[in-house]
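The primary structure of each chain is shown beneath.
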Amino acid sequence: MAEKKLMRALAGETMATPPAWMMRQAGRFLPEYRATRAQAGDFLSLCYTPDLAAEVTLQPIRRFGFDAAIVFADILLVPDALGADLWFVTGEGPRLSTITDQAGFDVLKPADAIHDHLAPVYETIKILTRELPAETALIGFAGAPWTVATYMIAGRGTPDQAPAHALKQGNRPLFEALLDRITEATIEYLSAQIDAGAEVVKLFDSWAGSLKGDDFDKYALEPTKRIIAALKARHPGVPVIAFPREAGEKYIGFAKATGADCVAIDNSVDADWAAQHVQVDGCVQGNMAPSHMVTGGQALVDEVLRIKAAFSGGPHIFNLGHGITPDADPENVTLMLETLRG
Ligand code: CP3
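Residues numbered from 1 in each chain as written. Predicted model: local features only at pLDDT ≥ 70, side-chain atom pairs only at ≥ 80, totals over all residues. Heavy atoms only, no water.

### Focus: the site of the ligand
In the region of the ligand, 22 residues are neighbours, and R28, Y33, R37, S206 and H322 sit closest. In this structure, R28 approaches the ligand through a side-chain N or O atom, which is 2.7 Å from an oxygen atom. Note that an oxygen atom of the ligand is positioned 2.5 Å from one of the side-chain N or O atoms of S206. Among the detected pockets, the ligand sits in the largest pocket. Secondary structure elements with two or more residues in the shell around the ligand: α2 (31-40) and β3 (93-96). Taken together, the residues that form the shell around the ligand break down as 14 nonpolar, 4 polar and 4 charged. (Near = heavy atom within 4 Å. Polar contact = N/O pair within 3.5 Å; in protein donor to acceptor, adjacent residues only side chain to side chain. 1 Å grid on protein atoms, 1.4 Å probe; cavity = no way out; pocket = protein on both sides within 12 Å on 5 of 7 lines; lining within 4 Å. Sits in = over half its atoms within 2 Å of the grid points. Helix = DSSP H or I, 4+ residues; strand = E, 2+ residues; numbered from the N terminus. Nonpolar A, V, L, I, M, F, W, Y, C, P; charged D, E, K, R; others polar.)

Below, the structure written as structure tokens:
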């Protein structure tokens, strides 16, 4: 059997029709997701119930036939497993206990103590290895340390990550100890996901763009490099996708510097620019604006064709520049895939 399209793109193959999947493809824009989530009761119960998490992972594959599935979980399960309290407020987002001083840090568990808590995620992956179609690749994931730290420090999402920047400036040893702990836990977590059957892993650094200059290199690039080196030592040949969102010029050279097999780019950078400066080093994923999944029409069609053409000279995974939003129309996803696949 020919290798899965996503794996071929990650290995550097240029294809006439690139493989496609969508960030947050299992989500509230799908009525079948909303039904399963209601059955689970709340979002975290959905994440920690393997049968239901596997079901919502499979829903977008059945409906759209994407080339990859991403295990249904959340980047904030790692802080939860490290012993931070985590809950989700419907309509608002995540809440966590905050880490602002040594005492707050000292309650965290060691990195290798996370597995009991995260065992349901590994079980979800095992179910998916049996239930996914043969041509669909299975992606595991985690948050990158900086992004996870921004939530652990602030106790919630923040527009400018100010509490995390303040701790970085005010108590750098504590900030760096926290980043180290998350880095070690992430290596353990992704390694266990690969053992369970994940074929690719992705690191989401959603707030990388708020780190500037040396801070970007020390706290976005370096931890990513360290995680990838550890994973490559334990699991040679398993590709890694890195997503330093809103890195801008810092996307250039990021794959080479970190050892990532693919760099995912957001939609604030131009596709032609990214083809010239980022795709020269290997596979690029992205970068359609999620708003097209709400507005649709000819503008969507034109944009799919423009992005496809821009990246046609090298390895490319078609995706959005960020997650699809709850107000998106599933019909527009179908239109996107029909346009891409011709
Ligand atoms: O389909 C998939 O992409 C897989 C599942 C997935 C989720 N979250 C499920 C989810 C993935 C890969 C994530 C990653 C994630 N989680 C990130 C990084 C990517 C990004 O969006 O920048 C971040 C920052 C989080 C943290 C998080 N989880 C926030 C801030 C929120 C609230 C905001 C929102 O979108 O509701 C969540 C909740 C969440 N994670 C939902 C889903 C489907 C919605 C929860 C619900 O059903 O009510």
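### What about unusual backbone geometry?
Here the bond from G286 into N287 is cis, since omega is -5°, no more than 30 degrees from zero. Take N287: it is sitting in strand β8 (residues 283-288). Unusually for a residue other than glycine, E246 sits at a positive phi of about 60°. Relative to the elements of secondary structure, E246 occurs in the loop between β6 (240-244) and α12 (254-258).

### Here we look at the pairing of strand β4 (residues 137-143)
Within β4, 7 of the 7 residues are buried, which leaves it mostly tucked inside the rest of the structure. Of the two faces of β4, the one lined by A137, I139, F141 and G143 and the one lined by L138, G140 and A142 are each fully buried. Where strand β1 (residues 68-70) meets β4, 3 bridges bridge the pair, whose relative direction is parallel. Bridge pairing links A69 to L138 in β4. Inspection of the sheet shows β4 paired to strand β5 (residues 200-205) by 5 bridges, in the parallel sense. The residue bridging I139 from the neighbouring strand is V200, located in β5. (Buried < 20%, exposed > 50% of the residue type's maximum accessible area, 1.4 Å probe, protein only. Pairing = 2+ DSSP bridges.)

### Some words on the packing of helix α9 (residues 162-170) against helix α10 (residues 172-196)
As a packed pair, α9 and α10 sit with axes 5 Å apart at the nearest point and diverge in direction by 120°. One way to sum up the angle between α9 and α10 is to call them oblique. The segment α9 lies against α10, with A164, L167, K168, Q169 and G170 engaging R172, L174 and F175. Its residues assigned to classes, the contact of α9 with α10 comprises 4 nonpolar, 2 polar and 2 charged. (Axes fitted to C-alpha atoms, helices over the stretch in contact; angles between N-to-C directions. Parallel < 35°, antiparallel > 145°, perpendicular 65-115°, else oblique. Contact = heavy atoms within 4.5 Å.)

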